[in-house]
Amino acid sequence: MSVLLDVQDLQTRFQVRKGYVYAVNGVSFQLDQGDTLAVVGESGCGKSVTMLSLVRLLPPAASIENGQVLLRGEDLLQLNLRQLRDVRGGEIGMIFQDPMTSLNPFINIGTQMAEPLIYHRGMSKSEALARSAELLGMVGIPDGEARLREYPHQFSGGMRQRVMIAMSMSCEPAVLIADEPTTALDVTIQAQIVELVKELRDRSGVAVIWITHDLSVVAGIADRVIVMYAGYIVEEAPVDALFEDPRHPYTVGLMGALPSLAGETGTRLTTIGGSPPDLVDLPDFCPFHPRCPYAIDRCRKENPMLEPVIDASDGGHRAACWVDIREVELEAGAAAGSV
Amino acid sequence: MTTQEITPTDDFGIAEASRTNLWKDAFARLAANKLAVIGIIPIVLLFFIAIFGPYLTPYDFLAQDFTARLAAPSSEHWLGTDELGRDVFSRILYGARTAVAVGLVSTAISLIVGLIMGSLAGYLGGRVDMLVVWLTDMTRSMPALLLAIVINLTLKVPLEAWMEQMYLATKNGFFRQTMWVDLVLVFGALALIQWPGYARLIRGQILSIRSRNYVLAARALGMPTGRILTRYVIPNAMGPLIVAVSAGLGGAMVLESAFSFLGVGVQLPIPSWGKMISDGLRMWQTHPYLLAGPAVMMAIITVSFAWLGDGLNDALNPRQWGG
Amino acid sequence: MSQTDSSNRAPLVRVENLTKHFSVRIGAYGETKATVHALDEVSFDVRRGETLGLVGESGCGKSTAGLTLLQLHRPTSGKVYFEEKEVTGLSEKEMRPLRRRMQIIFQDPYSTLSPRMTIGNAIGEPLWLHELASGREAQERISRLLNDVGLNPAFAFRYPHEFSGGQRQRVCIARALACEPEFIVCDEPISALDVSIQAQIINLLQDLQEEYDLTYLFIAHDLAVVRHISDRVAVMYLGRVVEMAPKERLFDNPLHPYTNALLLSVPVPNPRQERQREHIVIQGNVPSAISPPSGCRFHPRCPLAFEPCDHVVPEWREAEPGHWVACHAV
Ligand SMILES: Nc1ncnc2c1ncn2[C@@H]1O[C@H](COP(=O)(O)OP(=O)(O)O)[C@@H](O)[C@H]1O
Ligand SMILES: Nc1ncnc2c1ncn2[C@@H]1O[C@H](COP(=O)(O)OP(=O)(O)O)[C@@H](O)[C@H]1O
Ligand code: SF4
Ligand code: SF4
Ligand SMILES: [Mg+2]
Ligand SMILES: [Mg+2]
């Protein structure tokens, strides 16, 4: 498989009143053709800002300080706005968490869906509408032609997300970025959307970046997973390796904190104490150390780099941690998750 | 208990001050707000002058000096004199009384009416709400100045006639003073124009605060309605209301000057800035100082009230305090 | 601990055919009156010392159930008993002593604390109101409560905006605890929180339950969380409880097709299992509570629907001891 998207050392920060918020701090990853990459982390860890940086859809206070975003070898950060517009909605499709606000409430679905087709594909209005009806069928909304005349408020949340997916897939993108597409939805609707995206992916070969804060969704959809914390990638691994052999204390903590339908009940959840840091300074220490049960002296003095883990069961397993947590005796009480 | 592992996050690093009372905290915050403090000074001065004005003025406001009509500002008449040779500075000081009376009384009336109507609408909802909303819409759809003129034209003559009759019947000297008719009409018109704004604001605040979970939580604690109002609804509705009232105080004074200009203002023996501005306007090209004095005073007072209002709003909102 | 056997305990709270309808205006200009069937003929009980989980998709009436049970909504019909004493129909004044014993924690810790009240005062309100403590003693109680929920007692003088979501939820828990309640409705107390914080709050709630012998009605939409914390679980769909059973039974042997569908929708946090497991996805959306389907409300989406389902309301019955269900196919 060839590398489709290659992100190198991406750094994005926000200018705020008292200085900067360092939202993305040197993020690098690759996405192969047809692959699904999941990005996991708590809210505020920089998932959305990373993805918005790729296509420079950032608010005015944000600036990309460094990095390369190579889509088939071409650096998106060097494109002018016109060229970039061809990429947005063309090569790279996006769907967002809140399908209510991603659609214009005053314009009917058909007009909204036709727009990118007319703009990117040069279709006529009637061609675009016909294609839109087809697309609605593809995402499981029957009776497409009639529904094109309806307005967003006439669709339920799950239906709107389907419309968003149809729109983002309409120009046959090479990459689909889905930013917490199911967070606002109920679990039965989430399951529908996950199945839909998997099906579309398998049919069209689109590469998917699936952002979520929910590790359990990741298991069902991803090939590889990136775990983010405080604007850094702290662990990256193939999905099986991540779940079976997590190497970063934060990943371990997230998994312990997760009740599951299969696990034992009657046990206490292990917790991660404290709360995520605010990002007003670039740390010269491990950003996780105030919450980390494995922290050693070095963690307070140096920020670890993302490096291949020792004895990886799989290539491409990297973590940013000074400690080999397998060596630490778990029964020492560390697993309880206290600081 | 086994909560040791649930560690509180690090201390915020703020000194552990004994901040206990919203009002006390708010006062400290207000004192630290430069604009608000700057705004307070003219307002305090205004009230001081309104009370002690007669003892401060170099001249009587009616004293006419025919030798010095329309005199330019000089060491004798700091702000010059008007066409009747009256000292403008003295008249401005006296005018503070009118300004305070107009601002306070009309705002108080409209605030009381607005509070009652707005609370009824917000709390009772349903038909009462619809009625209040309709009334406010009706009132606000009429041009304010037109309303004042219509009121003045239709009510002034019959009211004065009634006063005359009452005097004849009772021989009570009070009824000879037709100035009360003016006052009632001007305050009435100002209140009529201003109450819908307060009513809508209060209604909106009550509706939004009532739907907050902290009110629900207070009900779940078994708190009586009165205490919910005083502890939760009012403190949270206060900020916007204070801003509106302080803007309204200045606004009422400006409106009154517009009334005067149209000839439906206060016809008091003592001067009003509005009247002075409207008189000054006629001659502003040749004698700008006649206009400048009262206009500058009015501007300073209006801006001061606005700054104070903003300052109070910020002071009462802990979120604005930063940390 | 919450996982003790609660089957033979006496009910602390019992609701019987509890119904709550809201009248609303619909249409572009609000010209049409309509009725939202938020809660229809719901019956369940919560036994002393247990946690009853209440799950269902958003809008199915979980919050309405909690609020109506606490008499924060006046029920349209039906009864609520607290210690077998009827509380429906009591005036607010008669309710007051009971309010101390039944508390609620809300989903959104941001709007649940007045921004203009220090958290110490917020926690002190119930002490004052129910005359539980005053003066120096109240200060000590507030400190102890803050400590109990894992916050620094020095925080008492701070305002809510200085706290994170998780910390605010701890404050809300402390305020509820200040009343020394026996029963707490937890209305999605972790849904608005970060993943790593959710587990902290779950553990805290469990610790407090053990410490103070609390009874919880734990409302959530996350089945895994409900399974973790509950002793028994009730599943709601569109205003009705469709199934209720001890948790092992409900999760291992669900009887109602909706419960089953719900369980199959939950992603399994294990990639190998996820790849092998069959993905049967329930189709369609939850219909509107303004015009709920006739008969069994689940029938338009039910894979098992048959003849009587679209016109006969299935009876709420005890299919096996302790296992209640409303379905014609069971
Ligand atoms: N407009 C903004 N101004 C300042 N900071 C921002 C802005 N938008 C986001 N941030 C900060 O950037 C960080 C990353 O945010 P985001 O990428 O949205 O997180 P998430 O992982 O939840 O998607 C957060 O800490 C947030 O505070
Ligand atoms: N105050 C209200 N007025 C009108 N409808 C309401 C009100 N509260 C809730 N509802 C409606 O009742 C139904 C159940 O709501 P709710 O109990 O909040 O569901 P849940 O908590 O399960 O998400 C929904 O359709 C909701 O729109
Ligand atoms: S580097 Fe140290 S503090 Fe950071 S995650 Fe590893 S062990 Fe914990
Ligand atoms: S009653 Fe009928 S429609 Fe309802 S759940 Fe049972 S089988 Fe399905
Ligand atoms: Mg995000
Ligand atoms: Mg709810």
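Source: prediction; values computed, not measured.

Just give me the short version of empty space enclosed by the protein, but keep the residues and values in it.
In this approach, a probe sized like a water molecule rolls over the atoms, and the result shows the empty space that is left. Following the criterion strictly, the structure yields eight cavities of 30 Å³ or more and no others. Those elements that place two or more of their residues in the lining of the largest cavity are α7 (187-204) and α8 (215-221) of chain A together with α9 (257-265) of chain C. For the lining of the largest cavity, the leading source of residues is α7(A), giving five residues. Residue composition of the lining of the largest cavity, grouped by class: seven nonpolar, four polar and four charged. Lining the second largest cavity are 13 residues, and of these Pro257(C), Cys296(C), Cys302(C), Cys309(C) and Cys327(C) lie nearest its centre.

Report on the site of ligand 2, specifying residues and quantitative values.
All names here are of chain C. Ligand 2 sits among 13 residues. The nearest are Gly59, Gly61, Lys62, Ser63 and Thr64. Contact distances for ligand 2 include 3.0 Å between an oxygen atom and a backbone N or O atom of glycine 61. Here lysine 62 contributes a backbone N or O atom positioned 2.8 Å from an oxygen atom of ligand 2. For ligand 2, whose unbound accessible area comes to 550 Å², protein coverage reaches 64%. Only β1 (11-26), β2 (32-47) and α1 (62-69) provide two or more residues apiece to the shell around ligand 2. Tallying contributions element by element places α1 first for the shell around ligand 2, with three residues. When its residues are assigned to classes, the shell around ligand 2 shows six nonpolar, five polar and two charged.

Please give an account of the packing of helix α9 (residues 273-282) of chain B against helix α10 (residues 288-316) of chain B that cites residues and values.
Residue and element names in this part refer to chain B. The N-to-C vectors of α9 and α10 enclose an angle of 140°; their axes lie 8 Å apart at closest approach. When the interaxial angle is binned, α9 and α10 end up oblique. By crossing handedness, the relation of α9 to α10 is classed as left-handed. Seen from α9, the contacting residues are Trp273, Gly274, Met276, Ile277, Gly280 and Leu281; seen from α10, they are Leu290, Leu291, Pro294, Ala295, Met297, Met298 and Ile301. Partitioning the contact of α9 with α10 into residue classes produces eleven nonpolar, two polar and no charged.

An account of the environment of Asp98(A) is requested, with residue identities and associated values reported.
Tracing the sequence through the fold places Asp98(A) in the loop between β6 (92-95) and α3 (109-121). Through-space distance from the C-alpha of Asp98(A) to that of Lys301(A) is 40 Å; in sequence the pair is 203 residues apart.

Rules used in this analysis
Residues numbered from 1 in each chain as written. Chains lettered and ligands numbered in written order. Predicted model: local features only at pLDDT ≥ 70, side-chain atom pairs only at ≥ 80, totals over all residues. Heavy atoms only, no water. 1 Å grid on protein atoms, 1.4 Å probe; cavity = no way out; pocket = protein on both sides within 12 Å on 5 of 7 lines; lining within 4 Å. Points joined across faces, edges and corners; volume = space filled by probe spheres on them. Helix = DSSP H or I, 4+ residues; strand = E, 2+ residues; numbered from the N terminus. Nonpolar A, V, L, I, M, F, W, Y, C, P; charged D, E, K, R; others polar. Near = heavy atom within 4 Å. Polar contact = N/O pair within 3.5 Å; in protein donor to acceptor, adjacent residues only side chain to side chain. Areas by Shrake-Rupley, 256 points an atom, 1.4 Å probe, with all protein chains shown as cover. Axes fitted to C-alpha atoms, helices over the stretch in contact; angles between N-to-C directions. Parallel < 35°, antiparallel > 145°, perpendicular 65-115°, else oblique. Left-handed = near helix turned anticlockwise from the far one by under 90°. Contact = heavy atoms within 4.5 Å.

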